[in-house]
Amino acid sequence: MDRRVCSFAAAVACLMPVGIPAPALAENVLERAIAQSQPCRSLRTKVKLGPINVDVGVDKLEAVKVESIQISVNGNVAEADARGTIACKTSDQAVVTGGFSATATVHLKTDLSTCAVDESAIAIVKTDGRFGDLVDGFKNQISDALRQGLEKNLKKLCEN
């Protein structure tokens, strides 16, 4: 298989929006690849507890599940559509413990000869858990950041 096609598939795998902390659930090689990108690492927020604000880091990966992924290549144009869920949680030492899960859909279309991204979209379609409402409130910003990260990682893979 052409290295650029493999790079495209790897970039799609890294989008979900995961070194795996031992307790994270990742059942196959694709899910383990996502787990190694640590998608929860930078998730911190402030939560109001009465009169004080507390920093809450929901930055530990709990699980990743790729529900579906379809990749098609037609000449130099590759398209991928994926759907999956990640679950993140706070550390055990956190003052306020909890977590969330987010299910997202991803669409990516790129020219394999130039690595130009023609289309990309990530949408968080469902959230759950103690901090699910917080994620839901910022899902457009989170989706945009994930999309930009995906495009950046795809470009890095194409440079190699």
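Here the structure is a predicted model, which means the values were calculated and not measured.

Trainee: Explain the overall build of the protein chain to me, please; I cannot follow it from the model alone.
Mentor: When its secondary structure is counted, the protein chain shows four helices and six strands. Listed by position from the N terminus, the elements making up the protein chain come as α-α-β-β-β-β-β-β-α-α. Going through the 160 residues of the protein chain one by one, you find that 38% of them count as buried. With an accessible surface of roughly 8,800 Å², the protein chain has 49% of that area assigned to carbon and sulfur atoms.

Trainee: Got a minute to help me understand the sheet that holds strand E6 (residues 116-128) in this structure?
Mentor: Consider a sheet: its strands pair through backbone hydrogen bonds, and that pairing is either parallel or antiparallel. The strand order across the open sheet formed by four strands is E3-E4-E5-E6, and the pairing between neighbours is antiparallel. Across the chains shown, the open sheet's two edge strands, defined by having one partner strand only, are strand E3 (60-74) and E6. In this sheet, neighbouring strand axes are inclined to one another by 15° on average, regardless of whether the strands run parallel or antiparallel. Relative to E6, strand E5 (residues 99-111) runs antiparallel, the two sharing eleven bridges. Along E6, the bridge assignment pairs His107 with Ala121. Packing of helix H4 (residues 139-159) onto the sheet brings it into contact with E5 and E6, and relative to E6 it is tilted by some 140°.

Trainee: It is not clear to me how the state of the cysteines should be interpreted in this structure. Could you clarify?
Mentor: By definition, a disulfide links two cysteine residues through a covalent bond between their sulfur atoms. Inspection of every chain in the model, using the stated rule, returns one disulfide. Covalent S-S linkage joins Cys40 and Cys88, the inter-sulfur distance amounting to 1.8 Å. Around the S-S axis, the bridge from Cys40 to Cys88 shows a dihedral of about -65° and counts as left-handed. With Cys40 in the loop between helix H2 (29-36) and strand E1 (44-49) and Cys88 in strand E4 (residues 77-89), this residue pair connects regions lying 48 residues apart in the sequence. Just as Cys40 is buried, Cys88 falls in that class too.

Trainee: I would appreciate a short explanation of H2 in the present structure.
Mentor: Since one α-helical turn is 3.6 residues long, residues separated by three or four positions face the same way. Buried within H2 are the following residues: Glu31, Ile34 and Ala35. Taken end-on, H2 shows its buried residues confined to a sector of 105°, consistent with a single buried face. Projecting away from the buried face of H2 at angles above 90 degrees are the exposed residues Val29 and Gln36. With a side-chain oxygen lying 2.8 Å from the backbone nitrogen of Glu31, the N-terminal cap of H2 falls on Asn28.

Conventions adopted
Residues numbered from 1 in each chain as written. Predicted model: local features only at pLDDT ≥ 70, side-chain atom pairs only at ≥ 80, totals over all residues. Heavy atoms only, no water. Helix = DSSP H or I, 4+ residues; strand = E, 2+ residues; numbered from the N terminus. Buried < 20%, exposed > 50% of the residue type's maximum accessible area, 1.4 Å probe, protein only. Areas by Shrake-Rupley, 256 points an atom, 1.4 Å probe, with all protein chains shown as cover. Pairing = 2+ DSSP bridges. Axes fitted to C-alpha atoms, helices over the stretch in contact; angles between N-to-C directions. Contact = heavy atoms within 4.5 Å. Disulfide = S-S within 2.5 Å. Arc of directions from axis to C-beta. Polar contact = N/O pair within 3.5 Å; in protein donor to acceptor, adjacent residues only side chain to side chain.

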